[in-house]
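Single-letter residue listing:
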Amino acid sequence: MGLREPDDTPPKGKLWLDGALKEDLIARWSQIISEYGLDVRTEEPLTELHRRGDGTFDIKTTRGEYHAKKVILATGQRGNPRTLGAPGEDLEQVYHQLYSPTKYHDEDVFVVGGGNSAVEAALTLSKRNRVVLSYRGGEFSRLFKDNRRQIDEAIAAKRIEVVFNSSVTEFKPGVAVVTVDHGGHQAEREIPMDHGFVLIGAELPVKFLRSIGVRLENEWTASPLPALALTTILLIAVWFAGALLGGPAPFGLGQAVGGVAWAAWAGTTFALLSLGGLFTLGVRGDRWSWLGVSFFAWYSIYGIKVGSGSEFWPYRGWGYETMSFFDRPWAFWYTILYTTLMTVFGVRALKRWGLDRRDRFQIWRFASLISFQWVFFFLIPEFLFQLAVKHQWVGAALASDPQFAEQAWRSYGIIYAWPLFFYTFLYDPNMIWIVWGVLLTFVVIPIFVLFNGKRYCSWICGCGGLAETFGDRWRHLAPKGKASVRWEWMNSAVLVLAVVVTALMLTRDVIGLLGAADRGMWVYRIIADVWLVGILPVTLYPFMGGKVWCRYWCPLAKMMGLMSKFYVKLGISRFHIVANDKCIACNECSRNCQVGIDVMQYALKQEPIDNATSSCIGCGICVTVCPMDTLSYSTDGTVSLPVLNAVS
Ligand code: SF4
Ligand code: SF4
């Protein structure tokens, strides 16, 4: 199978567009309008839209009021052209769209903008006119590869003059006034202009859409205060309710006869009421309330898992015991919950990206994530390790060594390398774990990264696995834009903290440093292991996508990123995604990238995606979703070589 490009598809119906001149199209459309007797009213914008109880609509425009059964919004994807707000921009010879370039001949044309539309307009107009292009940036950074080549050629041939670092001060009849920044020194310049084109993009009609009740994706409306108040009441109520389950009575209520029981029942009632309140607000569209619910759920789950007697308030002293059923501790049930979520949502994601699209890469990827979770992060630590010790599959010596046999939790270190599995070298491990930890972290992982970049995050790791499966439905909500990329510095900070604390712990018997090692250990455990891994990322899945931990805080992801970048610089990395020239700028790849990479910009410029310029984890979703088969994996970084491409 394979998607055909639109050009190959014969047009159906009467609204053909292929290769037609604008005049022909308008004539054709006018003919259709009269043929079908369509009542088209121009110059009459919609101002208000209300849905009646029976599902029909009241419509107000600038000229009248209507009633309709259905309303079709066909305002176009791009909305209204953006304006500069400069004086004189409303002059007759200043336009915000270029309709008929062939109309202009031997004239002074002034174009404003630095995107593809402005550059394409300037190139087209320069064939028969004198063109000056004003751009506020110091260089073009968003151009298609072909546009960049053409504009460079036009500049070199003096067919177009580009005034970089310039902004329009004013439009006057026959002239555009611009201020040019020469490295801090501002100079004004007048540019002759028979016609001016301001082509600086478009604005979504957000105000209009809101006014008719359309909610935008990921939009935070309402105030956070009700959700904050209800979540706080919920936690306080749980604190009181905990007395029923063996928790300490708040404020010494036990001294009053019957005080504990009454307070505990009141706590239970308030807890249910506040939870109900959060749900009610959430169903009505208040995202803050869902954030409150999500925080309460994951704070409780992980705040209890900190350990018996160390639980977070309000669970301290009763949470862990209460959540430990059938002679199994809460940590075990947490693993069951984790594995169940990964399996159920993993199968769903496998179907969505793999089976439905017949994409073998994604089928293998999700099967790999689910398998690693089951084998290495559930069956081995919970059952197989104990069996191996009991039946001496690991040899009599190891099986009888308490330093090995009683530390089943260390088996997470079979796959989790330091510093993700932070404790691999700490707390007196058996030598076998030290040797394997060193091999895994400093030999196996570097070799893997050489060939696969950071694919550990999207094929193997349990943390990344939950994000890819349970978090998959929110992948498009990953923070995008330059500011969101700048925040990735945080995982460097966590890596440095991990290195320092590990060094302190390994040398604490020699150096001591007034208990700095133990304090550092406590800080790292609470900040990284509890809040940054356990509570915050999963709380934020429905709001910022699944990769908050992996992208912003994981020290192993940072370490692999640094290795991969080093390999790219040396020219020996085998991991790249490359693009051909077929991109239609649909934005699907950028929208679905869980680590917020603007993949489309790489595709448009035909620049390779690697870890020198991005935090790509090689999940391949951008390759899978691209309708034009623009993107593919490359093993040598110089040519497009689809080695693991979709089978469809
Ligand atoms: S750029 Fe593509 S392969 Fe890389 S993380 Fe984003 S979606 Fe995945
Ligand atoms: S999905 Fe493909 S066509 Fe769409 S923007 Fe990305 S690379 Fe271009």
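Since we're looking at a predicted model, the values are computed, not measured. (Residues numbered from 1 in each chain as written. Chains lettered and ligands numbered in written order. Predicted model: local features only at pLDDT ≥ 70, side-chain atom pairs only at ≥ 80, totals over all residues. Heavy atoms only, no water.)

**Here we look at the packing of aromatic side chains**
For step 1, the next point in the chain: Evaluation of the coordinates by the stated rule reveals 43 aromatic pairs.
For step 2, the next point in the chain: On the basis of an interplanar angle of 90° and a centroid distance of 6.2 Å, the ring pair of Phe 332 and Phe 383 is categorised as edge-to-face. Of this pair, Phe 332 sits in helix α9 (residues 330–355) while Phe 383 sits in helix α10 (residues 360–390), placing them 51 residues apart in sequence.
For step 3, the next point in the chain: Residue classification places Phe 383 among the partly exposed positions, given a relative accessible area of 31%.
For step 4, the next point in the chain: Taking the centre distance of 5.8 Å and the plane angle of 90° together, the rings of Phe 378 and Phe 383 count as edge-to-face.
For step 5, the next point in the chain: Here Phe 378 falls in the buried class, since its relative accessible area comes to 7%.
For step 6, the next point in the chain: Three or more aromatic residues joined by ring pairs make a cluster, and in this case those are Phe 325, Phe 326, Phe 332, Trp 333, Trp 374, Phe 378 and Phe 383.
For step 7, the next point in the chain: Of note, Arg 287 hangs over the ring of Trp 220, and the distance from its end group to the ring centre comes to 4.7 Å. (Phe/Tyr/Trp six-rings, centres within 6.5 Å; stacked < 30°, edge-to-face > 60°. Helix = DSSP H or I, 4+ residues; strand = E, 2+ residues; numbered from the N terminus. Buried < 20%, exposed > 50% of the residue type's maximum accessible area, 1.4 Å probe, protein only. Lys NZ or Arg CZ within 6 Å of the ring centre and 35° of its normal.)

**Focus: helix α5 (residues 225–241)**
For step 1, the next point in the chain: Its 17 residues place the ends of α5 24 Å apart at the C-alpha level, agreeing with the 24 Å of an ideal helix rising 1.5 Å per residue.
For step 2, the next point in the chain: Buried within α5 we find Ala 227, Leu 230, Thr 231, Leu 234, Leu 235, Ala 237, Val 238, Phe 240 and Ala 241. (Expected span 1.5 Å × (residues − 1).)

**Examining the site of ligand 2**
For step 1, the next point in the chain: Around ligand 2 there are 14 residues in total, and Cys 583, Cys 586, Asn 587, Cys 589 and Cys 626 lie nearest to it.
For step 2, the next point in the chain: If you list the elements that add at least two residues to the shell around ligand 2, you get α21 (588–592) and α22 (599–605).
For step 3, the next point in the chain: Partitioned by chemical class, the residues of the shell around ligand 2 number eleven nonpolar, two polar and one charged. (Near = heavy atom within 4 Å. Nonpolar A, V, L, I, M, F, W, Y, C, P; charged D, E, K, R; others polar.)

**Some points on the layout of surface pockets**
For step 1, the next point in the chain: The computed volume of the second largest pocket comes to approximately 1,200 Å³.
For step 2, the next point in the chain: Those elements giving two or more residues to the lining of the second largest pocket turn out to be α7 (287–305), α9, α10, α15 (462–469), α18 (516–544) and α19 (548–553).
For step 3, the next point in the chain: Sorting elements by how many residues they give to the lining of the second largest pocket places α18 first, with ten residues.
For step 4, the next point in the chain: In terms of residue class, the lining of the second largest pocket is made up of 31 nonpolar, seven polar and five charged. (1 Å grid on protein atoms, 1.4 Å probe; cavity = no way out; pocket = protein on both sides within 12 Å on 5 of 7 lines; lining within 4 Å. Points joined across faces, edges and corners; volume = space filled by probe spheres on them.)

**Concerning α7**
For step 1, the next point in the chain: Look at α7: 27 Å from first C-alpha to last across 19 residues, which is about the 27 Å you get at 1.5 Å a residue.
For step 2, the next point in the chain: For α7, the capping residue at the N-terminal end is Asp 286, with a side-chain oxygen 3.0 Å from the backbone nitrogen of Trp 288. (Polar contact = N/O pair within 3.5 Å; in protein donor to acceptor, adjacent residues only side chain to side chain.)

**Description of the confidence of the model for the chain**
For step 1, the next point in the chain: Across the chain, pLDDT averages 89, with 92% of residues at or above 70.
For step 2, the next point in the chain: Counting interchain partners and residues more than four positions distant, the pLDDT-below-50 stretch residues 1–11 has nine contacts.
For step 3, the next point in the chain: Across residues 637–648 the pLDDT falls below 50, and counting only partners more than four positions away or on other chains, this stretch makes 26 contacts in the model. (pLDDT = per-residue confidence, 0-100. Contact = heavy atoms within 4.5 Å.)

**Notes on the site of ligand 1**
For step 1, the next point in the chain: The immediate surroundings of ligand 1 are formed by Ile 577, Cys 593, Val 595, Ile 597, Val 599, Cys 616, Ile 617, Gly 618, Cys 619, Gly 620 and Cys 622.
For step 2, the next point in the chain: Mapping ligand 1 onto the cavity grids shows that it belongs to the largest cavity.
For step 3, the next point in the chain: Tallied by class, the residues present in the shell around ligand 1 amount to nine nonpolar, two polar and no charged. (Sits in = over half its atoms within 2 Å of the grid points.)

**Topic: the pairing of strand β7 (residues 130–134)**
For step 1, the next point in the chain: When you tally the buried positions in β7, you get four out of five residues, the bulk of the element.
For step 2, the next point in the chain: The pairing of strand β6 (residues 108–112) with β7 spans five bridges and is parallel. Opposite Val 111, over in β7, you have Leu 133 as the bridge partner.
For step 3, the next point in the chain: Remark: the β6/helix α2 (residues 116–125)/β7 crossover connection has right-handed handedness.
For step 4, the next point in the chain: Note: β7 against strand β8 (residues 160–163), four bridges, orientation parallel. Along β8, the bridge assignment pairs Val 131 with Ile 160.
For step 5, the next point in the chain: Note on the crossover from β7 through helix α3 (residues 145–156) to β8: the handedness is right-handed. (Pairing = 2+ DSSP bridges. Right-handed = clockwise from strand over helix to strand, strands pointing away.)

**Considering the pairing of β6**
Side-chain direction in a regular strand flips from residue to residue, so the side chains alternate between the two faces of the sheet.
For step 1, the next point in the chain: β6 sits mainly inside the fold: four of its five residues count as buried.
For step 2, the next point in the chain: Relative to strand β12 (residues 195–198), β6 runs parallel, the two sharing four bridges. If you follow Val 109 over to β12, its bridge partner there is His 195.

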